[in-house]
Amino acid sequence: MEVMEVNQNFTILFAIKGLVSEGDRVKEKLYEYIPQKILIGISPEELEGLKKFIEKPFTVPMGDYDVIYGTLLSKFGEVEIPPPIFTQAVIYGVNRKVPMEGIDLDEETFGNYYGDNFRVGDLVRYITRKRRMMRRNFNLNSPEEFVMEWKSNMDKNPGTKKMEDSRVREICRRIVENANHGGSERTIAVIEYEFKNDVEDSLHGRDES
């Protein structure tokens, strides 16, 4: 996990999605900082789903790519779904009655982007690429290097990259908005590590404007 202090009242936690140990680190930081607001890099609908999961756990379906990702990531420790970095943030928010916001695209907007940008050829590549991902020798020197290489390979599908870019833009927009207008309210954002470079670039662009 990496911690970025945007200003004296706004901190971003970039954490590895899936690792239980990363969820523990997020929990530790939340209790250390005692935020008054929590931004989470998931959709508003996913946030509500996690609240329900925490209240009454249920089986979460896993896609083929989730299985491949989780199997490779397990080299670095125990892996869980839903991602502990998000469940720990939601548990903290619920228990402490801290306002939370899902800052990823909402499902309707995501669906519209999907219809506009994900073509038949992209779907075919998405399905057939699974075999190559299973056979690929990923960099397993550290979880950070692995997830960045994973994202880079997933982004080779033009449709997938467009969808991920749309998510990143919304997450970055919401973070910059909060950084500019958050006031004295102590805020923590929990974002998956894969988006770290994009978020940092957006914040640097904000500083230069």
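Residues numbered from 1 in each chain as written. Predicted model: local features only at pLDDT ≥ 70, side-chain atom pairs only at ≥ 80, totals over all residues. Heavy atoms only, no water.

1. With respect to the overall build of the chain
Thinking step 1. A tally of regular secondary structure across the chain gives nine helices and five strands.
Thinking step 2. Counting from the amino terminus, the chain carries its helices and strands in the arrangement β-β-α-β-α-α-α-β-α-α-α-α-β-α.
Thinking step 3. The buried share among the 209 residues of the chain stands at 45%.
Thinking step 4. The contacts of the chain with a sequence gap of at least 6 include a subset with a gap of at least 24, amounting to 82%.
Thinking step 5. Carbon and sulfur atoms provide 48% of the accessible area of the chain, an area that totals close to 11100 Å². (Helix = DSSP H or I, 4+ residues; strand = E, 2+ residues; numbered from the N terminus. Buried < 20%, exposed > 50% of the residue type's maximum accessible area, 1.4 Å probe, protein only. Contact = heavy atoms within 4.5 Å. Areas by Shrake-Rupley, 256 points an atom, 1.4 Å probe, with all protein chains shown as cover.)

2. Brief notes about unusual backbone geometry
Thinking step 1. Each neighbour pair has its own omega, and for I81 with P82 the value is 0 degrees, a cis peptide bond.
Thinking step 2. Mapped onto the elements, P82 comes out in the loop between α3 (64-73) and α4 (84-96).
Thinking step 3. Despite not being glycine, I34 has its phi angle at roughly 50 degrees, a positive value.
Thinking step 4. The residue K97 is not glycine, and still its phi comes out positive at about 55 degrees.
Thinking step 5. Along the chain, K97 falls in the loop between α4 and β4 (100-102).

3. Let's talk about a nonpolar patch on the surface
Thinking step 1. On the surface, M62, V67 and I81 cluster together into a nonpolar patch covering about 240 Å² of accessible area.
Thinking step 2. Its place among the elements puts M62 in the loop between α2 (44-55) and α3.
Thinking step 3. Accessibility expressed as a relative area gives 44% for M62, which makes it partly exposed. (Patch = residues over 30% accessible without salt bridge, like charges linked within 9 Å, V, L, I, M, F, W, Y side chains within 5 Å. Salt bridge = Lys/Arg side-chain N within 4 Å of Asp/Glu carboxyl O.)

4. Some points on a negative patch on the surface
Thinking step 1. Together, E45, E46, E107 and E108 make up a region of like negative charge exposed at the surface.
Thinking step 2. For the negative patch, the elements supplying multiple residues, two or more each, are α2 and α5 (107-117).
Thinking step 3. Take E107: it is sitting in helix α5.
Thinking step 4. Residue E107 is classed as exposed on the basis of its relative accessible area of 51%. (Lys, Arg positive; Asp, Glu negative; His and termini not counted. Charge placed at Lys NZ, Arg CZ, Asp CG, Glu CD.)

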